[in-house]
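Architecture at a glance
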Amino acid sequence: MPRAKSEVSDRGSKTKTSAEEPLPEWAEAEIKSVSFGDPEVIIRSGYFLDIYENDYKVDIQIYESLPDGRTIVEGLDVPKNMKITDFLKGFVYEFKIKVFKGDLSQKLIELLKTKYDLDMDAIYRFELKELQIMDVESDLPTSSSTLADEQGREEEDVE
């Protein structure tokens, strides 16, 4: 059932007011200085949503959720030794992801829940460790000319 305009605008204005209210300094300081524990390495399959070459970050969609329930990971750090320009959208990959978790204090958890309506007890950071493009069956037919070209190149290499 569609909502009346007044319901939408009332709800939107409440959210807007709390979102505009800045975090207290102590809360900002805690968030900025959160210490992350040892990473857990997980393996998930999925694909790239966005690739930010200049920032060495990617957004991915994964098929199996992370321990916190999410299936979209935004701002995944990519190590500088990986060639980010080779990443391809539209292809399925197997990702090895380092998941770093930093727990928040009970005081901050309560503040976020009561004042900002956020149910959050930890901050997560994600780093791509490895990736492998998966050999998924394709609907595209293999061209015989492509096979002939490859065989011709192999013969040239032998000579």
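This structure is a prediction, so every number in the text was calculated from the model and none was measured.

What counts, and where the lines are drawn
- Residues numbered from 1 in each chain as written.
- Predicted model: local features only at pLDDT ≥ 70, side-chain atom pairs only at ≥ 80, totals over all residues.
- Heavy atoms only, no water.
- Helix = DSSP H or I, 4+ residues; strand = E, 2+ residues; numbered from the N terminus.
- Contact = heavy atoms within 4.5 Å.
- Polar contact = N/O pair within 3.5 Å; in protein donor to acceptor, adjacent residues only side chain to side chain.
- Phe/Tyr/Trp six-rings, centres within 6.5 Å; stacked < 30°, edge-to-face > 60°.
- Buried < 20%, exposed > 50% of the residue type's maximum accessible area, 1.4 Å probe, protein only.
- Lys NZ or Arg CZ within 6 Å of the ring centre and 35° of its normal.
- Salt bridge = Lys/Arg side-chain N within 4 Å of Asp/Glu carboxyl O.
- Core = buried A, V, L, I, M, F, W, Y, C linked by side-chain atoms within 4.5 Å.

In this section: the side chain of E30. Along the chain, the position of E30 falls in helix α2 (residues 25-32). The contact partners of E30, leaving out residues within four places of it in the chain, are L104, S105 and L108.

The subject of this paragraph is unusual backbone geometry. Although it is not a glycine, Y56 sits at a positive phi angle of roughly 55°. On the secondary structure map, Y56 appears in the loop between β1 (40-52) and β2 (57-62). One non-glycine residue, D117, adopts positive backbone phi at about 55°.

This next bit is on the side chain of S45. Looking at the secondary structure, you find S45 in strand β1. A distance of 3.1 Å separates a polar atom in the side chain of S45 from a polar atom in the side chain of E64. Those residues within four positions of S45 in sequence are excluded, and the remaining contacts are Q61, I62, Y63, E64, Y93, E94, F95 and M134.

According to the stated counting rule, one finds six aromatic pairs in the structure shown. Ring centres 5.9 Å apart and planes at 55° place the aromatic pair Y47 and Y63 in the tilted group. In this pair, Y47 sits in strand β1 while Y63 sits in the loop between β2 and β3 (72-77), placing the two residues 16 residues apart along the sequence. Relative accessible area serves as the criterion here: at 28%, Y47 is assigned to the partly exposed category. Relative accessible area serves as the criterion here: at 48%, Y63 is assigned to the partly exposed category. The rings of F48, F87, Y93 and F95 are connected pair by pair, giving a single aromatic cluster. The lysine or arginine in question, K107, covers the ring of W26, its NZ or CZ lying 4.4 Å from the ring centre. Residue placement shows R125 over the ring face of F100; its charged tip is 4.2 Å from the ring centre.

In this section: the pattern of salt bridges. Across all of its chains, the model carries 11 salt bridges by this definition. One salt bridge connects K98 with E127, and the closest N-O pair in it is separated by 3.7 Å. Taken together, the residues K98 in strand β4 (residues 93-103) and E127 in strand β5 (residues 122-133) connect sequence positions 29 residues apart. One salt bridge in this structure joins D119 and K113, with 3.7 Å as the shortest N-O distance.

What follows concerns the nonpolar core. Among the nonpolar cores identified, the biggest contains 18 residues, and V58, I60, L76, F87, F95 and I97 are the most heavily contacted of them. Put simply, the parts of the chain that give this core at least two residues each are β1, β2, β3, β4 and β5. The element that contributes the greatest number of residues to this core is β4, accounting for four residues. Ranked by size, the runner-up nonpolar core spans nine residues in total, among them V34, L112, Y116 and I123.

Honestly, it's all geometry; don't read function into it.
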